[in-house]
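Here is what each chain is made of, one letter per residue.
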Amino acid sequence: MALPNAYAQYKNSKILTASPAELTLMLYEGAIKFCNIAISAVEQKDIQKAHTNIVKTQKIIEHFRVTLDMKYPVAQDFERVYVYLEQRLVEANIKKDAEILGEVLEHLHSMRDTWKEVMRLNREKGAV
């Protein structure tokens with residue numbers, strides 16, 4: 001019984017000590033994970049599990065959208081992408097459509113990979 005508690009403490013510690021850039025990466029990873037679970041649940045016809053994980057993905061995307069700093073012009077581009085992803089997730093949830101979820105997943109992978117590259121470049125410059 002102590003092992004699950006130790007793992008939870010480790011995860012909590014990892015989050016509490018992460019930089020803002022690392023937290024953003026963790027959120028992208030979480031969105032990808034929940035989207036993958038939702039796809040699997042749709043394929044297995046587990047409607048409740050699909051719904052739950054689509055909503056988790058939506059909440060992460062919503063968090064990204066509402067925390068954008070709109071004083072930067074690029075934030076408007078990100079907002080459009082996030083709004084689009086939110087709309088596609090709603091549609092996927094209504095239809096329980098794995099194909100739409102696959103499209104969202106592709107976008108999430110692309111955004112996560114871009115974020116990882118930004119982190120790497122900033123590390124090289126000594127910014128992170």
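Residues numbered from 1 in each chain as written. Predicted model: local features only at pLDDT ≥ 70, side-chain atom pairs only at ≥ 80, totals over all residues. Heavy atoms only, no water.

**Things to note about the environment of Met26**
Part 1 of the reasoning: With respect to the helices and strands, Met26 occurs in helix α2 (residues 20–43).
Part 2 of the reasoning: Note: C-alpha distance between Met26 and Arg112 (86 residues apart in sequence) is 9.3 Å.
Part 3 of the reasoning: Residues within four places of Met26 in sequence aside, it is in contact with Lys14, Ile15 and Ala18. (Helix = DSSP H or I, 4+ residues; strand = E, 2+ residues; numbered from the N terminus. Contact = heavy atoms within 4.5 Å.)

**A few points about the side chain of Thr57**
Part 1 of the reasoning: Inspection of the secondary structure puts Thr57 in helix α3 (residues 47–66).
Part 2 of the reasoning: If we ignore the near neighbours within four places in the chain, the residues touching Thr57 are Ala31, Phe34, Cys35, Leu89 and Leu108.

**Let's talk about the packing of α3 against helix α4 (residues 73–95)**
Part 1 of the reasoning: Running from N to C, α3 and α4 point in directions that differ by 165°, and their axes come no closer than 9 Å. Here α4 runs roughly antiparallel to α3, going by the angle between their axes. In the packing of α3 onto α4, the handedness of the crossing is left-handed. Contacts between α3 and α4 involve His51, Ile54, Val55, Thr57, Gln58, Ile61, Glu62, Phe64 and Arg65 from the former and Glu79, Tyr82, Val83, Leu85, Glu86, Leu89, Val90, Ala92 and Asn93 from the latter.
Part 2 of the reasoning: A breakdown of the residues in the contact of α3 with α4 according to their chemical character gives 10 nonpolar, 4 polar and 4 charged. (Axes fitted to C-alpha atoms, helices over the stretch in contact; angles between N-to-C directions. Parallel < 35°, antiparallel > 145°, perpendicular 65-115°, else oblique. Left-handed = near helix turned anticlockwise from the far one by under 90°. Nonpolar A, V, L, I, M, F, W, Y, C, P; charged D, E, K, R; others polar.)

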